[in-house]
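Single-letter residue listing:
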Amino acid sequence: MSKTTIAALAAMASTALIGTAQAADLSYRSPYTVNQPLNAFSWAGPYLGGNLGYAWGSVQNSPTRPDGVFGGVQAGYNWQSGPLVFGLEGDIQASAADDTFAPWKFSNPWFGTVRGRLGYAFNNILVYGTGGLAFGELRAETFGLSESHTSAGWNLGVGAEFGIYQNWTAKVEYLYVDLSSSNFSITGAPNSYQFGLVRAGVNYHF
């Protein structure tokens, strides 16, 4: 085999190796990410997950203090520029929070939120603040009668999310939720539900 042929084969092999290395580097970058360093953990793009938590609160014009476990699903989308991460997230929850005082029982069978998120990423660790719209049901019961109202409100909170394995992340979050009051016929007064919650969850990032 001539020296010219050997040199040509060597050049072709070098070109192929460089192309493979470049492709490997790019595989760490998400197409949704702007100004993200190569090989850094990317938070950008859509995600879907589930969560489980505990809520506790109080009802306006009532001594009841409903609390209990809840669980549900969340979905969202992140954009990222360097360490700054901003996005939108929505969730829906089934809740067992309730409390009884004398003949009155109040419960919160379900609630949900639609929130903005703004955070700072330390590679695979994201800390963030979040807030937006809340909505849910408050149910009153007494002497075999029941009445339910669905109302909107607001929420505000903080959280942290951790990249744990490939596309999987885990998160912990605290929210304060305020659902606006409704006039209940069976109580003869406006009632609303304000509560805090802590929850843990997992997300899969596509």
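The model shown is predicted, which means the values in this text are computed figures rather than measured ones.

A. Layout of the overall build of the protein. Across its full length, the protein carries one helix and nine strands. When the helices and strands of the protein are listed from N to C terminus, the series reads α-β-β-β-β-β-β-β-β-β. Across the 206 residues of the protein, 39% fall into the buried class. When the accessible surface of the protein is totalled, it reaches about 10,600 Å², and 67% of it is carbon and sulfur.

B. Fine view of the pairing of strand S9 (residues 189-205). With respect to burial, S9 is a largely interior element, 12 of its 17 residues being buried. Inspection of the sheet shows strand S2 (residues 45-59) paired to S9 by 13 bridges, in the antiparallel sense. When the bridges of S9 are listed, Ala 55 appears paired with Leu 197. Bridge count between strand S8 (residues 168-184) and S9: 15 bridges; the pairing is antiparallel. Across the sheet, residue Trp 168 finds its bridge partner in S9, namely Tyr 204. In sequence, S8 turns back onto S9 through a hairpin of four residues, with Gly 188 there showing a positive phi of about 70°.

C. Examining the pattern of salt bridges more closely. Evaluation of the coordinates by the stated rule reveals 11 salt bridges. As a salt-bridge pair, Glu 161 and Arg 117 come within 3.2 Å of each other at their nearest N and O atoms. Here Glu 161 is found in strand S7 (residues 145-165), whereas its partner Arg 117 is found in strand S5 (residues 104-122), with 44 residues between them in sequence. Both residues of the pair, Glu 161 and Arg 117, count as buried. Of the charged contacts in the structure, one is a salt bridge between Glu 173 and Lys 171, with a shortest N-O distance of 3.8 Å. Beyond isolated ion pairs, a larger network of salt bridges with shared partners links Glu 89, Asp 91, Arg 115, Arg 117, Glu 161, Lys 171, Glu 173 and Arg 199.

D. Inspection of the pairing of strand S3 (residues 67-81) at higher detail. In this structure, S2 lies alongside S3, joined through 12 bridges in antiparallel fashion. Paired with Ala 55 across the bridge in S3 is Gly 68. Pairing geometry for S3 and strand S4 (residues 84-101), over 13 bridges, is antiparallel. Paired with Gln 80 across the bridge in S4 is Val 85. Here S3 hands over to S4 after two residues, with Gly 82 in that stretch at a positive phi of 60°.

E. Up close: the packing of aromatic side chains. Applying the stated criterion to the full structure yields 13 aromatic pairs. Aromatic side chains Phe 111 and Phe 195 sit 5.2 Å apart centroid to centroid with 70° between the ring planes, which places their arrangement in the edge-to-face category. Highlighted residues: Phe 111 in strand S5 and Phe 195 in strand S9, separated in sequence by 84 residues. Look at Tyr 120 and Phe 122: their rings are 5.0 Å apart centre to centre, the planes differ by 55°, and that puts the pair in the tilted class. Over the ring of Tyr 128 we find Arg 117; its NZ or CZ atom is 4.4 Å from the centre of that ring.

F. Examining the environment of Ala 170 more closely. Take Ala 170: it is sitting in strand S8. C-alpha separation for the pair Ala 170 and Asn 203, spaced 33 residues apart in sequence, amounts to 6.3 Å.

Basis of the calculations
Here, residues in each chain are numbered from 1, in the same order as that chain's written sequence. Totals for whole chains, interfaces and linings use every residue, but because this is a predicted model, local features are given only for residues with pLDDT of at least 70 and side-chain atom pairs only at 80 or more, for both listing and counting. In computing side-chain values, all of the structure's heavy atoms are included and hydrogens and water are not. We count a stretch as a helix when DSSP gives it H or I for four or more residues in a row; a strand needs E for two or more, and each element gets its number in order from the N terminus. Here's how the labels work: a residue is buried when its accessible area is under 20% of the maximum for its type, exposed when over 50%, partly exposed in between, all with a 1.4 Å probe on protein chains only. Per-residue and other accessible areas were derived by the Shrake-Rupley procedure at a 1.4 Å probe size, with only the shown protein chains allowed to occlude residues. DSSP bridges decide pairing: two strands pair if at least two such bridges lie between them. The working definition used for a salt bridge is a side-chain nitrogen of Lys or Arg within 4 Å of a carboxyl oxygen of Asp or Glu. Stacked, tilted and edge-to-face are the three classes applied to pairs of Phe, Tyr and Trp rings, where Trp contributes its six-membered ring and a pair requires centres within 6.5 Å; stacked means planes under 30 degrees apart, edge-to-face means over 60, and tilted covers the rest. Lysine NZ or arginine CZ positioned within 6 Å of the ring centre and within 35 degrees of the ring normal marks a charge as sitting over the ring.

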